[in-house]
Amino acid sequence: MHYAKPLAKLVSEFEKLPGIGPKSAQRLAFHILRINEDEARELANAVMDVKQYIKLCPVCFNYTDQPRCEICSDAKRDRSVLCVVSEPRDVVAMEKTNEFRGMYHVLGGVISPMDGIGPEMLKIRELLARMTDGEVKEIILATNPTIEGDTTAMYIAGLLKPLGVKVSRIAHGMPVGGDMDYADQATLIQALQWRREI
Amino acid sequence: MRTYCADSIVLRRIDLGEKDRIITIYAREQGKLSAVAKGARRPGSKLAGASEPLTYARLFLSTGRDIDVLTQAEIRESFTGIKQNISTVAYGIYLLELLSSFVDERQPNPELFDTLLSSLYVLESGADPEITARYFELQLLIDLGYEPHFDRCLRCDKPIGREKVAFSPALGGIVCPECGVPPADAIWVPGAATTYARALRNIEPQKIKDLKFPPAALRDLGLMLKWHIRYRLEYDLRSTDFIDMVAKFDDNGDLAQMR
Ligand SMILES: [Zn+2]
Ligand SMILES: [Zn+2]
């Protein structure tokens with residue numbers, strides 16, 4: 001297919017996005033051509049704004065546009081319970097349940113021998129650093145029930161056990177191999193309530 | 001469209017779109033092949049567990065135009081023992097990656113399948129993962145006709161003693177010190193290391209967990225096999241880097257200080 005140069009550039013940029021094939025990229029690019037200039041500018045600004053203002057919270061490593069994220073700055077949350085998740089989107093999924101009132105720690109991935117991702121590439125050191133003041137009494141490991149998620153949970157549990165904190169793993173209700181991001185709220189609430197100590 | 005049943009070990013999976021996965025399996029009767037597991041990432045999917053790597057399952061597939069489709073699965077073994085520990089997981093994944101790198105698609109090899117399966121059970125039983133990996137490497141090389149020769153000098157045919165000898169992947173075995181300059185790719189190892197290779201060649205898998213090798217011999221044997229495998233594959237496997245990384249992370253003491 002032959003496009004005018006700027007259009008070809010836009011199509012190829014869209015194609016780089018996850019889950020976007022050539023067909024979808026073309027559809028999106030033609031959509032941009034049809035919208036008015038203000039709308040287009042707003043889209044471009046939104047893209048630039050997230051790049052400029054969204055940073056990782058220095059405490060929990062969730063995304064935030066503040067010096068410290070909303071959850072970490074909320075005095076009403078229970079600082080004795082820490083829920084460990086792999087990605088920021090898992091925080092969103094957990095928050096939607098309205099069931100969990102503790103704090104989070106985002107690892108930024110999972111241990112994966114297949115992809116060569118080892119423990120030192122994740123925020124595990126930082127998690128252990130959060131344990132030093134003795135405020136945290138319970139850790140809930142909420143990584144996906146996949147081989148990577150289980151390995152990560154097992155590894156972290158091994159590091160935390162000697163510190164004397166209670167370590168539990170969300171287990172039941174979440175089928176093996178499932179993706180936390182796609183679990184419905186009822187499933188997640190169950191998984192949280194039925195967590196078992198490891 | 002034809003449906004068939006495949007006793008398989010899941011080697012790999014990648015996410016596809018929003019809810020699906022593509023799995024690569026090693027099937028006893030069909031060899032290595034890929035299939036799509038539709039909806040396998042959706043909670044409650046019956047295919048989720050069976051599409052996890054390090055799973056032994058009877059899979060039911062139907063032939064598709066581009067790719068076969070996983071329709072049903074009965075899990076035989078999920079190797080939960082291997083999955084208890086980062087180091088055994090690392091070795092388990094290494095066995096899968098090693099096999100996957102050596103075999104072509106749709107080339108059935110029931111014997112090699114059985115070797116992989118029994119090696120995974122050995123790992124599951126709590127045997128030394130490093131010895132288990134050396135056993136599997138050796139058996140895989142033998143099965144595929146790439147067996148390195150550890151018994152005699154390839155040039156003068158003398159049996160290998162305790163003195164330092166040269167192992168050359170290009171020659172496919174040992175050259176003794178009396179036979180002049182070894183090939184450029186050779187590495188020098190104590191001759192004693194070759195006796196451990198011979199021990200692993202003929203052992204029954206269920207006896208591996210009783211084996212204890214001196215750490216230095218195990219390291220030298222590992223080095224020879226790694227060198228030999230690299231020569232055959234012409235690249236390094238990701239999971240070996242991972243094994244090294246985990247070992248280093250555990251040793252470097254940074255985390256120990258925090259504990
Ligand atoms: Zn935070
Ligand atoms: Zn010789």
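Counting starts from 1 at the beginning of each chain's written sequence and moves along it residue by residue. All chains are assigned letters beginning at A, and all ligands numbers beginning at 1, according to the order in which they are written. Local features in this predicted model are restricted to residues whose pLDDT is 70 or higher, and side-chain atom pairs enter the listing and the counts only when it is 80 or higher, whereas totals over whole chains, interfaces and linings include all residues.

## Observations regarding the overall build of chain A
No. 1: Starting at the N terminus, helices and strands are each numbered in turn, a helix being any DSSP run of H or I of at least four residues and a strand any DSSP run of E of at least two. What chain A contains, in helices and strands, is 8 helices and 7 strands.
No. 2: Buried residues are those with 20 or more other C-beta atoms within 10 Å of their own C-beta, exposed residues have 12 or fewer, and partly exposed residues lie in between; C-beta atoms are placed from the backbone. In chain A, which comprises 198 residues, the proportion classed as buried is 32%.
No. 3: Of the contacts made within chain A by residues no fewer than 6 positions apart, 55% connect residues no fewer than 24 positions apart. Contact between two residues is assigned when their C-beta atoms, built from the backbone, lie within 7 Å.

## Overview of the overall build of chain B
No. 1: Helices and strands together make up the secondary structure of chain B, namely 7 helices and 9 strands.
No. 2: Dimensions of chain B, computed from C-alpha atoms along their principal axes, come out at roughly 65 × 50 × 30 Å.
No. 3: The burial tally for chain B puts 41% of its 259 residues in the buried class.
No. 4: Contacts in chain B between residues far apart in sequence, at least 24 positions, make up 58% of those at least 6 positions apart.

## Digging into the sheet that holds strand β1 (residues 3-16) of chain B
Residues and elements named next belong to chain B.
No. 1: We call two strands paired when DSSP finds no fewer than two bridges between them. Pairing is mixed in the closed barrel, where 5 strands are placed in the order β1-β2-β3-β5-β4. Across this sheet, the average inter-strand angle for adjacent strands is 50°, counted without regard to direction.
No. 2: Strand direction decides the pairing type here: strand β3 (residues 31-37) and strand β5 (residues 68-77), joined by 2 bridges, are parallel. For Val36, the partnering residue across the bridge sits in β5 and is Val69.
No. 3: Those strands touched by helix α1 (residues 86-102) are β1, β2 (20-27) and β3, and its axis lies near 105° from that of β1. To get an axis, a line is fitted to the C-alpha atoms, and for a helix only the part in contact is used. The angle between two axes follows their N-to-C directions and goes from 0 to 180 degrees.

## Remarks on the domain arrangement of chain B
All names here are of chain B.
No. 1: Residue ranges assigned to the domains are those given by an automatic or database domain assignment. Assigned domains within chain B: domain 1 (3-77) and domain 2 (86-241).
No. 2: Using only C-alpha atoms to locate each centre, domain 1 and domain 2 end up separated by 30 Å.
No. 3: Each side of the interface is counted separately: domain 1 has 14 residues, and domain 2 has 15 residues.
No. 4: Contributing elements (two or more residues each) for the side of domain 1 that touches domain 2: β1, β2 and β3.
No. 5: Classifying every residue of the side of domain 1 that touches domain 2 by side-chain character gives 7 nonpolar, 3 polar and 4 charged. Classification convention: Asp, Glu, Lys, Arg as charged; Ala, Val, Leu, Ile, Met, Phe, Trp, Tyr, Cys, Pro as nonpolar; all other residues, Gly among them, as polar.

## Examining the nonpolar core
No. 1: Take the buried Ala, Val, Leu, Ile, Met, Phe, Trp, Tyr and Cys residues, join any whose C-beta atoms are within 7 Å, and the set you get is a nonpolar core. Residues A:Val84, B:Ile25, B:Leu70, B:Ala90, B:Leu95 and B:Ile174 are the most contacted members of the largest nonpolar core, which totals 101 residues.
No. 2: Residue contributions to this core peak at 10 residues, all from α1(B).
No. 3: Once residues within four sequence positions are removed from consideration, A:Val84 is found in contact with A:His105, A:Leu107, A:Leu127, A:Ile139, A:Ile140, A:Leu141, A:Ala142 and A:Ile156.

## Comments concerning the packing of α1(B) against helix α2 (residues 110-124) of chain B
Residues and elements named next belong to chain B.
No. 1: Here α1 crosses α2 at 175°, and the two axes come no closer than 11 Å. With respect to α2, the element α1 is oriented roughly antiparallel. Contacts between α1 and α2 involve Thr88, Tyr91, Gly92, Leu95 and Leu99 from the former and Leu116, Ser119, Leu120 and Leu123 from the latter. Here the word oblique covers every angle except those under 35 degrees (roughly parallel), over 145 (roughly antiparallel) and from 65 to 115 (roughly perpendicular).

## Focus: the packing of α2(B) against helix α3 (residues 129-143) of chain B
All names here are of chain B.
No. 1: Direction vectors running N to C along α2 and α3 enclose 175°, while the axes themselves pass 10 Å from each other. When the axis of α2 is compared with that of α3, the two are roughly antiparallel. Facing Glu111, Leu112, Thr115, Ser119, Val122 and Leu123 of α2, the residues of α3 in contact are Pro129, Thr132, Tyr135, Phe136, Gln139, Leu140 and Asp143.
No. 2: For the contact of α2 with α3, the residue count by class is 7 nonpolar, 4 polar and 2 charged.

## Some remarks on unusual backbone geometry
Across the chain, the bulk of peptide bonds are trans and the bulk of non-glycine residues have phi less than zero.
All names here are of chain A.
No. 1: We note that Asn98 has phi near 60°; this positive angle belongs to a residue other than glycine.
No. 2: Relative to the assigned elements, Asn98 resides in the loop between α5 (88-96) and β4 (103-106).
No. 3: A residue is classified by how many C-beta atoms lie within 10 Å of it, and Asn98, with 9 of them, is exposed.

## Here's the deal with the sheet that holds strand β6 (residues 149-153) of chain B
Residues and elements named next belong to chain B.
No. 1: Within the open sheet, the 4 strands sit side by side as β6-β8-β7-β9. Their pairing is mixed. The outermost strands of the open sheet, each flanked by one partner alone, are β6 and β9 (187-190). Going from strand to strand, the sheet's axes swing by 40° on average, the running direction of each strand aside.
No. 2: Across the sheet, helix α4 (residues 193-201) touches β6, β8 (173-175) and β9, and the angle it forms with β6 is around 130°.

## Thoughts on the environment of A:Ser12
Residue and element names in this part refer to chain A.
No. 1: With respect to the helices, strands and loops of the structure, Ser12 is situated in helix α1 (residues 5-15).
No. 2: By the C-beta count within 10 Å, which is 13 here, Ser12 ends up partly exposed.
No. 3: Residues Ser12 and Met94, 82 residues apart in the sequence, show an inter-C-alpha distance of 35 Å.

## A few points about α2(B)
All names here are of chain B.
No. 1: Taking 1.5 Å of rise per residue, 15 residues should cover 21 Å, and α2 covers 21 Å from first to last C-alpha, within 8% of that figure.
No. 2: Where the residues of α2 are buried, they touch β1, β2, α1 and α3.
No. 3: Phi turns positive, to about 95°, at Gly126, one or two residues after α2. Expected helix span is computed as 1.5 Å times (number of residues minus one).

## With respect to the confidence of the model for chain A
Where the model shows low pLDDT, its predicted coordinates should not be examined in detail.
No. 1: Values of pLDDT, which run from 0 to 100, indicate the predictor's confidence residue by residue. Taken residue by residue, chain A gives an average pLDDT of 89. The fraction at 70 or more is 89%.
No. 2: Per-residue pLDDT, averaged within each element of chain A, yields its smallest value for helix α8 (residues 185-193) of chain A (68) and its largest for β4(A) (98).

## Digging into the pairing of strand β4 (residues 56-62) of chain B
All names here are of chain B.
No. 1: Because side chains alternate across β4, one face comprises the buried residues Ala57, Leu59 and Leu61, and the other comprises Tyr56, Arg58, Phe60 and Ser62, none of which is buried.
No. 2: Bridge count for β1 against β4 is 7 bridges, and the pairing is antiparallel. From the neighbouring strand, Cys5 faces β4, where its bridge partner is Phe60.
No. 3: Two strands pair when backbone bridges link them, and β4 and β5 are joined in this way by 7 bridges, in the antiparallel orientation. The residue of β5 that forms the bridge with Leu59 is Ala73.
No. 4: Hairpin geometry of β4 and β5 is characterised by an intervening segment of 5 residues between the two adjacent antiparallel strands.

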